[in-house]
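Residue-level listing of the chains:
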Amino acid sequence: MELDLSPKLPKKVYGGDGGSYFAWCPEELPMLRDGNIGAAKLALEKYGFALPRYSDSSKVAYVLQGAGTAGIVLPEKEEKVIEIKKGDSIALPFGVVTWWFNNQDTELVILFLGETHKGHKAGQFTDFYLTGSNGIFTGFSTEFVGRAWDLDETTVKKLVGSQTGNGIVKVDASLKMPSPRKGDREGFVLNCLEAPLDVDIKNGGRVVVLNTKNLPLVGEVGFGADLVRIDGHSMCSPGFSCDSALQVTYIVGGSGRVQIVGADGKRVLETHVKAGALFIVPRFFVVSKIADSDGLSWFSIVTTPDPIFTHMAGKTSVWKALSPEVLQAAFKVTPEVEKAFRSKRTSDAIFFPPPN
């Protein structure tokens, strides 16, 4: 069966007045199931509250739009109440309990990418809600809840039955939610729009890499991430992950063209992408992108905490490392052609501005 790598948009799973939860479906994007990758998006309206929950998968959250508050509780730790804003990346290991709240007029949109190899369903996140119409309280009998928390029957019924919402609710404007606490962001959040750049090519592009050095929790999550932004008509050098990792890419903004080449030199994807689309690059496949006039930006996870990439063009490319005679024999060309090929792209850039 032919590999379908075409970019896909998410589908709404549930929602209401407070907002909506969207997910990418393994049936439409088979590489999710094959690679044990989950992808979802949370969109909260003003006063929208994503009820406390934990997941069967480790994830990285990336704030695509807006600002708000997140609550994070690591196993047997105190709650961290964190101010979040556009560009924030948050590592969410197994067992972490989270809630999300939007107190701003602008919609708060958060992307979740992660691995599902320990999850209940390959290619899908399964969340377990602490409260709400599908929360864990609803599954236990009144007797069990009462004995576990030493509550009378009347109180138990109020606890279990009062919240009729499912996953996302809209709270009353008069309800004062917890305020972010100074210092709680440290060690939990890295803002990719403000962090030091790992790559900065004038008129080409910029990269911020999320790894164990700048966000240690990435080590517990088990995979790395990056935010890449390239300028109008610029190109991202063809390259591949040389440590057998999958690349899961979400287009954050702009638009452009993507080509992926797999085994036997076969081009397995040639497409135009724009904001909101998600696609997956299989292990060892080579990918390259060219931005349209409005530029192109994407957020990716790579299924290893400290990924290693090999780029096929530029000073550090494999072509520059090979001896001239090997290239002449491999391409079956004259020394003059080999020299012309080698003399191009002498910088260590991985982004190339448009031709003059």
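Residues numbered from 1 in each chain as written. Predicted model: local features only at pLDDT ≥ 70, side-chain atom pairs only at ≥ 80, totals over all residues. Heavy atoms only, no water.

1. Here we look at the packing of aromatic side chains
At step 1: Enumeration according to the criterion identifies 10 aromatic pairs in this entry.
At step 2: When the centroid spacing of 5.3 Å and the interplanar angle of 15 degrees are considered together, the rings of Y14 and Y21 count as stacked.
At step 3: The lysine or arginine in question, K59, covers the ring of F125, its NZ or CZ lying 4.6 Å from the ring centre. (Phe/Tyr/Trp six-rings, centres within 6.5 Å; stacked < 30°, edge-to-face > 60°. Lys NZ or Arg CZ within 6 Å of the ring centre and 35° of its normal.)

2. Points about the nonpolar core
At step 1: If you look at the biggest cluster of nonpolar residues, it comprises 79 residues, and the most contacted ones within it are L42, I84, W100, I110, I260 and F299.
At step 2: Both domains that furnish three or more residues to this core are identified here as domain 1 (11-132) and domain 2 (192-309).
At step 3: Non-local contacts of L42, meaning those with residues more than four positions away in its chain, are made with S20, Y21, A50, W100, L108, V109, I110, F112 and I168.
At step 4: Among the nonpolar cores identified, the runner-up in size contains eight residues, and F49, L51, V81 and M177 belong to it. (Core = buried A, V, L, I, M, F, W, Y, C linked by side-chain atoms within 4.5 Å. Buried < 20%, exposed > 50% of the residue type's maximum accessible area, 1.4 Å probe, protein only. Domains from an automatic or database assignment. Contact = heavy atoms within 4.5 Å.)

3. Here's the deal with the UniProt feature "domain: Cupin type-1" (unreviewed entry) in the chain
At step 1: Those residues carrying the UniProt feature "domain: Cupin type-1" (unreviewed entry) are residues 3-157 and 195-339 in this numbering.
At step 2: Its end C-alpha atoms 51 Å apart, residues 3-157 is made of 12% helix and 44% strand. (UniProt positions renumbered as here; feature names shortened; annotations may be inferred. Helix = DSSP H or I, 4+ residues; strand = E, 2+ residues; numbered from the N terminus.)

4. Considerations on the pairing of strand 15 (residues 205-210)
At step 1: Burial of strand 15 is extensive: five of the six residues sit out of reach of the surface.
At step 2: Sheet topology note: the strand 14 (residues 199-201)/strand 15 ladder contains three bridges and is antiparallel. Opposite I201, over in strand 15, you have G205 as the bridge partner.
At step 3: The turn joining strand 14 and strand 15, which pair antiparallel and follow one another in sequence, is formed by three residues; a positive phi near 60 degrees is taken by N203.
At step 4: With six bridges joining them, strand 15 and strand 16 (residues 224-230) adopt antiparallel strand pairing. Its bridge partner being in strand 16, V208 is matched across the sheet by L227. (Pairing = 2+ DSSP bridges.)

5. Quick word on unusual backbone geometry
At step 1: In the Ramachandran plot, D264 falls in the positive-phi region, its phi being about 60 degrees despite a non-glycine side chain.
At step 2: Assignment of secondary structure puts D264 in the loop between strand 18 (247-261) and strand 19 (267-274).
At step 3: Given the relative accessible area of 84%, D264 is considered exposed.
At step 4: Backbone geometry at F284 places phi at a positive 70 degrees, although glycine is not the residue there.
At step 5: On the secondary structure map, F284 appears in the loop between strand 20 (278-281) and strand 21 (286-302).

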